[in-house]
Amino acid sequence: MYFIDVQGTLISDEDKSPIRGSIEFIDRLNEKNIPYMILTNNTKKASLDFYNFLRSSGFNFDFSRYLDPLMLLESRVAKESVAAYGAAEFLEVLKKMGYTLNYENPKSVLIAIKEDFSAQEYAQIIDFLLGGASLVGMHETSIYAKNAKRYPGVGAILKMLEFATSCSYDVVGKPSTSFYSEALAAIRKQQKDAEFSDITIISDDVKGDLGGAKELGMKTVFVTSGKYKSAGEIIPFLKEELRPDAVYADMQEILEAL
């Protein structure tokens, strides 16, 4: 059984095209009737829109095998009085979901990813948090890769804000236990006795996805087709207990190893 990341794992961070072997890997799982879930930290498109994009890119899987943070957001963050920060597309998605954006006296601060956070935005966020607003991250990615550059991910920004304000934070998507538990409940519709220990998770984010998964007992596979250029950039600096169980260049190498 598999949990499979999307950006940097199934599709390229550069042009969103399928990475070598990724379509074929999903086809193999379908052919062998192996249970799996596609887990993405997508926040820039409505869930069904991003699912349809993946389908149009050649990935053959049902929507019941798809999960992103937007699908859980309404159960985690009230729609009233939210100061949201992220890409323009994310803010538009929130508005369509019925969220009321408030940058004067919000009840919660919601962080998604973008490459151009400003010092002024950070100052505003800090004021809101010190004023009593709660802090929520859409996910906890370590690095955001775009246009051949790597930026601090949402996880890095949350850690910075926590250090600056001493405010704790909540996470909606990966690697939160609640998100992985939702994915486990979904995969149990394919195999009812599934447990975390039965699942192998594949991702290019060895800190933001795989570390939390490993703590829950999942087997972890790190691919260097996304955020990191090589395992040597990150693996030697991880705690021994959080290092991945296997490292591959891309999905094609995993497919060949099956």
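Rules used in this analysis
- Residues numbered from 1 in each chain as written.
- Predicted model: local features only at pLDDT ≥ 70, side-chain atom pairs only at ≥ 80, totals over all residues.
- Heavy atoms only, no water.
- Helix = DSSP H or I, 4+ residues; strand = E, 2+ residues; numbered from the N terminus.
- Rg over C-alpha atoms; globule rule 2.2 N^0.38 Å.
- Buried < 20%, exposed > 50% of the residue type's maximum accessible area, 1.4 Å probe, protein only.
- Contact = heavy atoms within 4.5 Å.
- Areas by Shrake-Rupley, 256 points an atom, 1.4 Å probe, with all protein chains shown as cover.
- Pairing = 2+ DSSP bridges.
- Axes fitted to C-alpha atoms, helices over the stretch in contact; angles between N-to-C directions.
- Phe/Tyr/Trp six-rings, centres within 6.5 Å; stacked < 30°, edge-to-face > 60°.
- Right-handed = clockwise from strand over helix to strand, strands pointing away.
- Parallel < 35°, antiparallel > 145°, perpendicular 65-115°, else oblique.
- Left-handed = near helix turned anticlockwise from the far one by under 90°.
- Nonpolar A, V, L, I, M, F, W, Y, C, P; charged D, E, K, R; others polar.

Student: Help me understand the overall build of the chain in this model?
Tutor: Along the chain, the regular secondary structure elements total 9 helices and 12 strands. Relative to a compact globule of 258 residues, whose C-alpha radius of gyration would be 18 Å, the chain shows 18 Å and is just as compact. Seen along its three principal axes, the alpha-carbon backbone of the chain occupies a region of about 55 × 40 × 35 Å. Considering the chain as a whole, with its 258 residues, one finds that 53% of them fall into the buried category. Across the chain, contacts joining residues at least 24 apart in sequence account for 66% of those joining residues at least 6 apart. Carbon and sulfur atoms make up 49% of the accessible area of the chain, which amounts to about 11700 Å² in all.

Student: Please clarify how the environment of Y51 should be interpreted in this entry.
Tutor: Position of Y51 among the secondary structure elements: in helix α2 (residues 47-56). In this structure Y51 comes out as buried when scored by relative accessible area, which is 9%. Linking Y51 and I38, residues 13 residues apart in sequence, is a C-alpha distance of 9.7 Å. When neighbours within four sequence positions are excluded, Y51 is seen to be in contact with F61, D62, F63 and Y66.

Student: Can you walk me through the sheet that holds strand β5 (residues 108-111) in this structure?
Tutor: One open sheet accounts for 4 strands, arranged β4-β5-β6-β9; its pairing is parallel. In this open sheet, the two edge strands, each paired with only one partner strand, are β4 (82-85) and β9 (169-171). Adjacent strand axes in the sheet meet at a mean angle of 20°, parallel and antiparallel pairs treated alike. Here 4 bridges tie β4 to β5, and the two strands are oriented parallel to one another. Paired with V82 across the two strands is S108, which belongs to β5.

Student: I keep staring at the packing of aromatic side chains and nothing clicks. Help me out?
Tutor: Describing an aromatic ring pair means giving the distance of the ring centres and the angle of the ring planes. Following the criterion strictly, the structure yields 12 aromatic pairs and no others. Centre to centre, the rings of Y51 and F63 are 5.1 Å apart; their planes meet at 65°, and the pair counts as edge-to-face. Here Y51 is found in helix α2, whereas its partner F63 is found in the loop between α2 and β3 (66-67), with 12 residues between them in sequence. Given the relative accessible area of 29%, F63 is considered partly exposed. Centroid distance Y85 to Y103: 5.7 Å. Interplanar angle 85°. Geometry classified as edge-to-face.

Student: Would you mind showing me how to read the environment of V136 here?
Tutor: For V136, the position within the fold is in strand β6 (residues 134-137). Considering only alpha carbons, one finds V136 and N52, 84 residues apart in sequence, at a separation of 27 Å.

Student: Looking at this structure, how should I read the pairing of β5?
Tutor: Every regular strand shows the same layout, with side chains that alternate between the two sheet faces. Residues S108 and L110 of β5 are buried on one face, and the alternating residues V109 and I111, pointing to the opposite face, are buried as well. Between β4 and its parallel partner β5, the chain crosses via helix α4 (residues 88-96), and the hand of that crossover is left-handed. Strand direction decides the pairing type here: β5 and β6, joined by 4 bridges, are parallel. Bridge pairing in β6 links S108 to S134.

Student: Sorry, what's going on with the packing of helix α5 (residues 119-130) against helix α6 (residues 154-165) here?
Tutor: Between α5 and α6, the least distance of the axes is 10 Å, while the angle of their chain directions is 55°. If you check the angle between α5 and α6, you find them oblique. Seen from above, α5 lies across α6 with right-handed handedness. Facing Y122, I125, I126, L129 and L130 of α5, the residues of α6 in contact are I157, M160, L161, A164 and T165. Looking at the contact of α5 with α6, its residues break down into 9 nonpolar, 1 polar and no charged.

Student: Hey, could you run me through the sheet that holds strand β12 (residues 246-248) in this one?
Tutor: Sheet strands pair by backbone hydrogen bonding; their relative direction is either parallel or antiparallel. Read from one edge of the open sheet, 6 strands run β3-β2-β1-β10-β11-β12, paired in parallel fashion. Each of the sheet's edge strands pairs with one partner strand only, and the pair in question is β3 and β12. Both strand β10 (residues 200-203) and strand β11 (residues 219-223) contribute to a ladder of 4 bridges, which runs parallel. Across the sheet, residue I201 finds its bridge partner in β11, namely T220.

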